[in-house]
Amino acid sequence: MQNKPSGRDVIRILIVDDIPETRDNIKKLLAFEEDEFKVIDSVGTGREAVRVTGEQQPDIVIMDINMPDMDGIQATSEITKAHATAAVIMMSVNTDTDYMRRAMQAGARQFLGKPIDPDELYSTIRAVYRSYEPIRRSARAMQDIPLELRGVQTATAGGGDGEIRAGNVIAVYGPSGGSGATTIATNLASGLMKKGIKVLIVDGDLQFGDVGVFLKVQSQSTLIDLVHKIDDLDTDFFDSVVSTHESGLKVLLGPTRPELADEVDQVPQAIARIIEKIASSYDFIVIDTSRRLDDTLLSIFDISSKIILVVNPTLSSVKNVKFVLDLFDQLSYAPQKAMLVLNRAEDDRARGRVTIPTEVIEKHLKRPFEAKIPVNEPMVLAAVNKGVPVIASRDRTKSPAKELIELAEHVSTVLMGSHAGEEVADGKAPRKAGGLGFLGRGN
């Protein structure tokens, strides 16, 4: 599934590490794939990295986190602000969550532990490079436009608001039936909404998707309208197909009937290709996926910045998630690409250990949960029946609304830093473009 870029796409790489031996070792590893990777330079400080990035415009910057003069965190922040097409992959011997969090807040796209594993290095570079294609495409288009007209073109490339956006893709996947993945996806999308932040939710379950039901959104325009226009897809046409929830959240619905899914399946990797086309128009794109592991799903996983695996505290769910994690290893996905969320978590003492204890699941999966969403079926069912996210409830300090809000904040911090957008106090729907959504956060 890890397709190499085409022959013309040689990925230009800058290596940044204060230890010469480390720089040489990474160079040697990349030399084994010289038809795909080209090291354009290697430097020993963050300050040099900023200078060389400006001069040589690398596609990928492999950056050590601890360096003299200017460390990798500060250098990454300066590079990502000044050079939109340069994607930073951070590396460090210290792989604890605080280091990863600081790296992602600075703008790094992935985090590698030292010593570098060759296969993980190659797959990470490829995945990050692919995820930046919409940004590179927009940048190339801008170069062909006269300076006096670029303001007009930027508005088109950025989805009508004059900005090229981050394009973070988040796949929400529950490999077991009834896992609650749609609940997680719809609440995550709503929770990511902040002023100035654009979010799209896509119903990727082509036969039995429920995003429209959960958000009480109906439309005759669906994915079907896009699949045969992918090569010529533009922002205006895409905007005419997506629906808008009363909160301002953009919604791309799946086929209206199960048999219509064949029209999407007939176009290879249709959903992933559509997302790549429009990614730069949104800060976050949340995809509620189907359970079926096929080329459609794997192509979505390939382009995703994060894959949220929804786990229930049951034997079948844990078994299936373990299979999926093993698959991710086979696909050479970086470990941090997947985020485990325990849904319908219960207090061990209250339930008398009727379901599998959390610590047992984590030990078996060899991964910690990054969020635990408590069970509260009456609240969830009430929200679904009303067609609103759980986090729109009046008491947002009550579980599971509280934990779903925290999950959205965590995902936002990991992918864009702690200051993405601007939180506002009330939770009313926006009165004008760029206004407030659920929890006062625009999608």
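All values reported here derive from a predicted model rather than from experimental measurement. (Residues numbered from 1 in each chain as written. Predicted model: local features only at pLDDT ≥ 70, side-chain atom pairs only at ≥ 80, totals over all residues. Heavy atoms only, no water.)

**Regarding the sheet that holds strand 2 (residues 37-43)**
Phase 1: Reading across the sheet, the five strands line up as 2-1-3-4-5 and stay open at both edges, with parallel pairing between neighbours. Edge strands, defined here as strands with exactly one partner in the open sheet, are strand 2 and strand 5 (110-113). When the angles between neighbouring strand axes are averaged without regard to direction, this sheet yields 25°.
Phase 2: As paired elements, strand 1 (residues 11-16) and strand 3 (residues 60-64) share four bridges and run parallel to each other. For leucine 14, the partnering residue across the bridge sits in strand 3 and is valine 61.
Phase 3: Contacting strand 1, strand 2, strand 3 and strand 4 (87-92), helix 1 (residues 20-31) runs over the sheet at an angle of about 170° to strand 2.
Phase 4: Along the sheet, helix 2 (residues 46-56) contacts strand 1, strand 2 and strand 3; its crossing angle with strand 2, the most-contacted strand, is approximately 135°. (Pairing = 2+ DSSP bridges. Helix = DSSP H or I, 4+ residues; strand = E, 2+ residues; numbered from the N terminus. Axes fitted to C-alpha atoms, helices over the stretch in contact; angles between N-to-C directions. Contact = heavy atoms within 4.5 Å.)

**Regarding the pattern of salt bridges**
Any two side chains of opposite charge can pair, so long as their charged atoms come close to each other.
Phase 1: Taken as a whole and assessed by the stated rule, the structure comprises 14 salt bridges.
Phase 2: Residue arginine 257 pairs with glutamate 259 through a salt bridge whose shortest N-O separation is 2.6 Å.
Phase 3: The exposure class of arginine 257 is partly exposed, given its relative accessible area of 47%.
Phase 4: What you see here is one network of salt bridges that share partners, running through Asp17, Asp64 and Lys114. (Salt bridge = Lys/Arg side-chain N within 4 Å of Asp/Glu carboxyl O. Buried < 20%, exposed > 50% of the residue type's maximum accessible area, 1.4 Å probe, protein only.)

**Re helix 2**
Phase 1: Residues of helix 2 that are buried: Gly46, Ala49, Val52 and Thr53. Down the axis of helix 2, the buried set is contained in an arc of 115°. They therefore lie on one face.
Phase 2: Packing partners of the buried residues in helix 2 comprise strand 1, strand 2, strand 3 and helix 3 (72-82).
Phase 3: Residue glutamine 57 follows helix 2 closely and has a positive phi angle near 50°. (Arc of directions from axis to C-beta.)

**Brief notes about the sheet that holds strand 7 (residues 199-204)**
Sheet strands pair by backbone hydrogen bonding; their relative direction is either parallel or antiparallel.
Phase 1: Strand order in this open sheet of eight strands is 8-9-7-10-6-11-12-13, and the pairing throughout is mixed. A single partner strand is all that each edge strand has here, and the edge strands are strand 8 (243-244) and strand 13 (371-374).
Phase 2: Note: strand 7 against strand 10 (residues 284-289), six bridges, orientation parallel. Among the inter-strand pairings, valine 202 is bridged to a residue of strand 10, identified as isoleucine 287.

**A look at the confidence of the model for the chain**
Phase 1: Across the chain, pLDDT averages 82, with 83% of residues at or above 70.
Phase 2: Taken as a whole, residues 1-8 scores under 50 in pLDDT and shows 17 contacts with residues more than four places along the chain or in a different chain.
Phase 3: Overall, residues 147-160 carries pLDDT values under 50, and its contacts beyond four positions in sequence, including any with other chains, amount to 24 contacts. (pLDDT = per-residue confidence, 0-100.)

**Side note on helix 14 (residues 295-303)**
Phase 1: With eight of nine residues buried, helix 14 lies mostly within the body of the structure.
Phase 2: Along helix 14, the residues that are buried comprise Thr296, Leu297, Leu298, Ser299, Ile300, Phe301, Asp302 and Ile303.

**Here's the deal with the nonpolar core**
Phase 1: Counting residues in hydrophobic clusters, the biggest one holds 52 residues, and the most contacted among them are Phe238 and Leu309.
Phase 2: Once residues lying within four places of it in the same chain are set aside, the contact partners of phenylalanine 238 are Leu200, Leu226, Leu233, Leu252, Ile274, Ile278 and Tyr282.
Phase 3: By size, the runner-up hydrophobic cluster in this structure holds 38 residues, among which are Ala189, Ile201, Leu249 and Val341. (Core = buried A, V, L, I, M, F, W, Y, C linked by side-chain atoms within 4.5 Å.)

**Some remarks on unusual backbone geometry**
Phase 1: Cis rather than trans, the peptide bond between lysine 114 and proline 115 has omega equal to -5°.
Phase 2: Along the chain, proline 115 falls in the loop between strand 5 and helix 5 (118-131).
Phase 3: That bond from serine 399 to proline 400 is cis: its omega, 5°, falls within 30 degrees of zero.
Phase 4: Along the polypeptide, proline 400 turns up in the loop between helix 18 (377-386) and helix 19 (401-416).
Phase 5: Unusually for a residue other than glycine, aspartate 69 sits at a positive phi of about 75°.
Phase 6: Inspection of the secondary structure puts aspartate 69 in the loop between strand 3 and helix 3.
Phase 7: A positive phi is found at lysine 366, a non-glycine position, where the angle reads about 60°.
Phase 8: Its place among the elements puts lysine 366 in the loop between helix 17 (358-365) and strand 13.
Phase 9: Among the residues examined, lysine 366 registers a relative accessible area of 71% and is labelled exposed.

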